[in-house]
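Topology and contacts: notes
So the chains spell out like this:
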Amino acid sequence: MTRMHMIGVCTASLGSLGLMRFFGVPWSWSLAATLGVYIGSGGWRFLRIIFKTALRDLFGLSVLIRVKYELRKHQRTKNTIPKIFHDVVCRHPDKVALIYEASDEKWTFRQLDEYSNAVANFFYQQGFRLGDVIAIFMESRPEFVGLWLGMAKVGIEAALINFNLRLDSLVYCVTTSGAKAVIFGGELAAAISEVNGMLGKNMVKFCSGDFNPDSVPVETKYLDPLLSTALKSPPDQIAAKGLDDRLFYIYTSGTTGMPKAAIVVHSRYYRIAAFGYYAYRMRPEDILYNCLPLYHSAGNIMGVGQCLIHGLTVVIRKKFSASRFWDDCTKYKCTIIQYIGEICRYLLNQPVREAEAQHHVRLAVGNGLRPTIWEDFTRRFRIKQIGEFYGATECNCSIANLDGKVGACGFNSRILPNVYPIRLVKVNEDTMELIRDSSGLCIPCCPGEPGLLVGRINQQDPLRRFDGYVNESATNKKIACNVFQKGDRAYLSGDVLVMDELGYMYFKDRSGDTFRWRGENVSTTEVEGILSHILSQTDVAVYGVEVPGVEGKAGMAAIADPKAKLSPNALYQELQKVLPPYARPIFLRLLPQVDTTGTFKIQKTRLQREGFDPHQTSDRLYFLDLKLGKYVPLDECLFERIRARKVAL
């Protein structure tokens, strides 16, 4: 029911009530007749919505109020994440906070607190001060948490670097954060050595973990022994920061090229973790299994945040293992697991094993679980609740599936839609430009219509604020004006969703500039730039294509090659040097020219529609055979094998 239709129905119903009272009809008869007019005019649809969603909406409202109340309380008392963590430590200092699966090492809350105190005291003694930035570049382990937490205690801001990055992307992320130092894991010494000269002579380097003087830059300091001798008592210099000040930076590929440093303030960290805790009824005695990278908000905030803020025990695994997943959950008695869509599919593809029937997991929290495997996953592994949610690190329009609706990533109330001011608005799906009405405002989507998810910005409200990126230009590109009403501002998610009649929302697609593959966001603009540079500024269009039975979208590059001189495998040799594995195109399409719009923008709509189907084009197609380590011609036979999932991707 549209808003105007609803207004019309209500007007007719109230008019009939007034008319019958005017003629002296008793109240009981008048109300009954009014209800009949309301239902007969289509009001039954709204009554159906109320009947089916009232309990869901009331619970969602209670979560919203609870989180908002807690945030206001922490704002009044000038709390920060380190201060909130200190209260948790005081409640149960000897409870296990973190378990590191690789070594079976257990860190109590007291040990984590003391380690982070040592970090705070050491770096303050080294001359780092409030607002300084230090980059962390290491694989997941408890020290990762202790490092950024310790820095935060004295107001130092950590830049959390994706450990898959290499060369130019790595240098870009470290330097654009304004980092004065970088802490890297010994396992990544080679990656740092590769770019040592590009980081600048003033960049201080610390190595944590395995330390080999022969494999690190000469000036590198071994951090572990330095921290072991530092004071473990709370630092004397408490950071003069509040809940709305910067905590750290998480990088997102976004839609404008190279990775962008998203600003995470203390209130945002708390908000994300608290919504997960209350929305999915987590408990302090829960044990959470976290195999996601800690440079991501899912692993570091939704996961580790439950430890730091609510006192849960979190099991950290360095890298996901499908074969060991349920063994780990059984061994550590985990009650909550985290996932991305690919993880669920990988687990389903594993042979049945004994540990599947022995675990105590009741809740799986994450995003990207496809509707096609949702019920198979819950049935096989006996998971009582799926906590699917949507929300980028920096966004102000996060949504969550609170009642297990299959396929939905969240909802917005149809009864009281303005309580949480987010909307799906119409966009040009080719250009992702907002479509506006005659008054200049955005046009809301009706149920069933795909639209761009936007959230109204209010910097005074910790739930509505948008802190953006280190790069101000990148921040401005994510903000639109005059969206809900004249003079307002809204955050543009860049993602297209669809809402059904009951308010459930379903993820449809990321904007044309970003797609998700192997659990990572891939910026097509960045990959296009690198390919074009390698190919002497040739026109290139990069986009994601769906592959049957595979999560996310595989990368495909359409390259202008009018003279048929391009060697796919020579290109692949170059790509291996400059792109992480998840960003390398799985498919190539070599064509005479790449379509452009009238404003000289790359036109991808037709390319995406035709995909990698050789029946749709006579252009030369290639497939990246991971076993052979090279591109091979993609003919109709290979196409059918890929569709039948007989070829590894």
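Residues numbered from 1 in each chain as written. Predicted model: local features only at pLDDT ≥ 70, side-chain atom pairs only at ≥ 80, totals over all residues. Heavy atoms only, no water.

In the annotation of an unreviewed UniProt entry, the protein is listed under the name Arachidonate--CoA ligase and assigned to Chrysemys picta bellii. Recorded in UniProt under Sequence similarities (unreviewed entry), the annotation for the protein is "Belongs to the ATP-dependent AMP-binding enzyme family." Under the heading Subcellular location (unreviewed entry), UniProt records this for the protein: "Endomembrane system". (UniProt positions renumbered as here; feature names shortened; annotations may be inferred.)

1. Things to note about the overall build of the protein
Scanning the protein for helices and strands turns up 18 helices and 28 strands. Expressed as a percentage of the 649 residues in the protein, the buried residues total 56%. When contacts within the protein are restricted to residue pairs at least 6 apart in sequence, long-range pairs at least 24 apart make up 69% of them. In the form shown here, the protein has an accessible surface area of approximately 27,500 Å², with 54% of it arising from carbon and sulfur atoms. (Helix = DSSP H or I, 4+ residues; strand = E, 2+ residues; numbered from the N terminus. Buried < 20%, exposed > 50% of the residue type's maximum accessible area, 1.4 Å probe, protein only. Contact = heavy atoms within 4.5 Å. Areas by Shrake-Rupley, 256 points an atom, 1.4 Å probe, with all protein chains shown as cover.)

2. Describing the pairing of strand S13 (residues 363-367)
Counting buried positions along S13 gives four out of five residues, so the element sits mostly inside the fold. Here strand S12 (residues 336-340) pairs with S13 via five bridges, running parallel. Bridge pairing in S13 links Ile336 to Leu363. Where S13 lies against strand S14 (residues 385-390), four bridges are found, and the strand directions are parallel. Within S14, the position partnered with Ala364 by the bridge is Ile386. In the classification by handedness, the crossover that spans S13, the intervening helix H13 (residues 371-381) and the parallel S14 is right-handed. (Pairing = 2+ DSSP bridges. Right-handed = clockwise from strand over helix to strand, strands pointing away.)

3. Let's talk about helix H18 (residues 636-643)
Within the span of H18, buried status applies to Leu638, Phe639 and Ile642. Considered in projection along H18, the buried side chains sweep an arc of 105° and stay on one side of the axis. Those residues of H18 hidden inside the fold are in contact with strand S26 (587-591), strand S27 (620-625) and strand S28 (630-633). Here H18 starts with a cap whose side-chain oxygen sits 3.3 Å from the backbone nitrogen of Cys637, and that cap is Asp635. Once H18 ends, the next one or two residues include Arg645, with phi positive near 60°. (Arc of directions from axis to C-beta. Polar contact = N/O pair within 3.5 Å; in protein donor to acceptor, adjacent residues only side chain to side chain.)

4. Quick word on the environment of Arg380
Its place among the elements puts Arg380 in helix H13. Spatially, the C-alpha atoms of Arg380 and Leu348 are 8.1 Å apart, while their sequence positions differ by 32 residues. Polar contacts involving the side chain of Arg380 include one to the main-chain carbonyl oxygen of Leu348, which spans 2.8 Å.

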